[in-house]
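Observations on the three-dimensional arrangement
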Amino acid sequence: MSPPQSALSPARWIDFHCHLDLYPNHRELIAQCDAYGIATVAVTTTPKAWPRNREIAAGSKHVRVALGLHPQLVTERAHEIDEFEKHLPESRYVGEVGLDGGPRYFRSLPRQREIFGHVLTLCASQGEKILTVHSVRAVKDVLDMIEKYSAHGRGRVVLHWFTGTTAQARRATDIGCYFSINGRMLDKPANRALVQSLPLERLLTETDGPFVTIGGRPAEPKDVARTVAKLASLRSLGEPEMAQQLLQNLRSLVSLPQGQSI
Ligand code: MN
């Protein structure tokens, strides 16, 4: 890995989904993102976490905080949807939101659908939001809901840790979704095949740290470098070309002309 760049360097890598506030060294990691030039979306799991996250990341060049209400927390936190609504005008990025139909959470799916539906409606009415969306064992539902939302054409969706079928990936692509890929996903041959089938111009990278670990320690934003390398070899590109492609994808996602800070 090359040495850190100055704090004012342009982004060179992307961590589009990292729970920075769940690490004991939250501030250090923000400094790491700025030092290495890692355009990072700091996702949150409850709207109550928003004000403090925002305050801590306020001086950062490369970290953007996302306002979230995690589907796994809907049972206990659904009432915080009012806080979500209150803070939404302050945030361009939204996440972590979505649905989880896994064994521990499927019972709350009806409530999760209500909350996610409300989140999508609010985002559609305010416009220009960029969402990072969880879809574990609920891909069809999530895509159905996003399709309705995307019909408004005023927001963008990134599917985080997507593990649907190739047909579902094609459907997601057709409705305009991007995909953020983490290193853990690429450990499984089936996921590698899926990622290989995704359009190059819709790929982003993420860590989903601290939930994803590397050699027993939580993944950190700078670990996306490994994912860029894996993606490059998977798609038969050089690492610099893959890194450039990912940055270009991020620019189109956030619709910024080249050279401007993300
Ligand atoms: Mn996550």
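Coordinates for the structure precede this section.
To keep things clear, this report deals only with the structure shown in the data block. In this text the structure is predicted, and so the values were computed from the model without any measurement.

Turning our attention to unusual backbone geometry. Here the residue pair Gly95 and Glu96 is connected by a cis peptide bond, since its omega of 15° sits within 30 degrees of zero. Looking at the secondary structure, you find Glu96 in strand S4 (residues 93–98). Here Gly209 and Pro210 are connected by a cis peptide whose omega angle stands at 0°. With respect to the helices, strands and loops of the structure, Pro210 is situated in the loop between strand S8 (203–205) and strand S9 (213–214). Phi is positive for Glu128, which is not a glycine, with a value near 60°. Tracing the chain through its elements places Glu128 in the loop between helix H5 (109–126) and strand S5 (129–134). Phi is positive for Asp208, close to 55°, though the residue is something other than glycine. Along the polypeptide, Asp208 turns up in the loop between S8 and S9. Owing to a relative accessible area of 5%, Asp208 belongs among the buried residues under this scheme.

The next point concerns helix H7 (residues 166–174). For H7, every residue scored as buried is listed here: Ala169, Ala172 and Thr173. Down the axis of H7, the buried side of the element spans an arc of 100°, and every buried residue falls inside it. Of the exposed residues in H7, the ones pointing more than 90 degrees away from its buried face are Arg170 and Asp174. The elements touched by buried residues of H7 are helix H6 (139–150), strand S6 (155–160), strand S7 (178–181) and helix H8 (189–197). Just downstream of H7 lies Gly176, where phi reads positive at about 95°.

Looking at the metal site, the manganese ion is ligated by His17 (NE2), His19 (NE2), Glu96 (OE) and Asp208 (OD), spaced 2.2 to 2.4 Å from it. Spacing between the donor residues of the manganese ion along the chain follows H-x1-H-x76-E-x111-D. Residue His19 is located in the loop between strand S1 (13–18) and helix H1 (26–36), and its partner Asp208 is located in the loop between S8 and S9; the two are separated by 189 residues in the primary sequence. The class for His19 is buried, based on a relative accessible area of 0%.

Note on sheets: strands pair through backbone hydrogen bonds, and any given pair is parallel or antiparallel. Pairing in this open sheet of eight strands is parallel, and the strands run S1-S2-S3-S4-S5-S6-S7-S8 from one edge to the other. In this open sheet, the two strands that pair with only one neighbour each are S1 and S8. If you compare each strand with its neighbour and ignore which way they point, the axes differ by 30° on average. The strands touched by H5 within the sheet are S4 and S5, with S4 carrying the most contacts at an inclination of about 160°.

Bringing the side chain of His134 into the picture now. Inspection of the secondary structure assignment puts His134 in strand S5. There is a polar contact of 2.8 Å between the side chain of His134 and the side chain of Glu96. Apart from the residues within four sequence positions on either side, His134 is in contact with His70, Pro71, Gln72, Glu96, Val97, Gly98, Leu99, Asp100, Val142 and His160.

So, about the nonpolar core. Core analysis: the largest hydrophobic core is formed by 82 residues, its most contacted members being Phe16 and Leu159. The element that contributes the greatest number of residues to this core is H5, accounting for eight residues. Each residue touching Phe16, except ones within four places of it in the same chain, is listed here: Val41, Tyr93, Ile130, Thr132, Val158, Ser180, Leu204, Thr205, Glu206, Leu250 and Leu253.

All right, on to the packing of aromatic side chains then. In the structure shown here, the tally under the stated rule is two aromatic pairs. The interplanar angle of 70° and the centroid separation of 5.4 Å between the aromatic rings of Phe162 and Phe179 together place this pair among those described as edge-to-face. One end of the pair, Phe162, is in the loop between S6 and H7; the other, Phe179, is in strand S7, and 17 residues separate them in sequence. Residue Phe162 is classed as buried on the basis of its relative accessible area of 2%. Over the ring of Trp13 we find Arg12, and its NZ or CZ is 4.4 Å from the ring centre. In this structure, Arg202 is placed above the aromatic ring of Tyr178, and the distance from its NZ or CZ to the ring centre is 5.6 Å.

Conventions used here
Residues numbered from 1 in each chain as written. Predicted model: local features only at pLDDT ≥ 70, side-chain atom pairs only at ≥ 80, totals over all residues. Heavy atoms only, no water. Helix = DSSP H or I, 4+ residues; strand = E, 2+ residues; numbered from the N terminus. Buried < 20%, exposed > 50% of the residue type's maximum accessible area, 1.4 Å probe, protein only. Arc of directions from axis to C-beta. Contact = heavy atoms within 4.5 Å. Donors = N, O, S within 2.8 Å, 3.2 Å for Na, K, Ca; no water. Pairing = 2+ DSSP bridges. Axes fitted to C-alpha atoms, helices over the stretch in contact; angles between N-to-C directions. Polar contact = N/O pair within 3.5 Å; in protein donor to acceptor, adjacent residues only side chain to side chain. Core = buried A, V, L, I, M, F, W, Y, C linked by side-chain atoms within 4.5 Å. Phe/Tyr/Trp six-rings, centres within 6.5 Å; stacked < 30°, edge-to-face > 60°. Lys NZ or Arg CZ within 6 Å of the ring centre and 35° of its normal.

What is shown is where atoms sit, not what they do.
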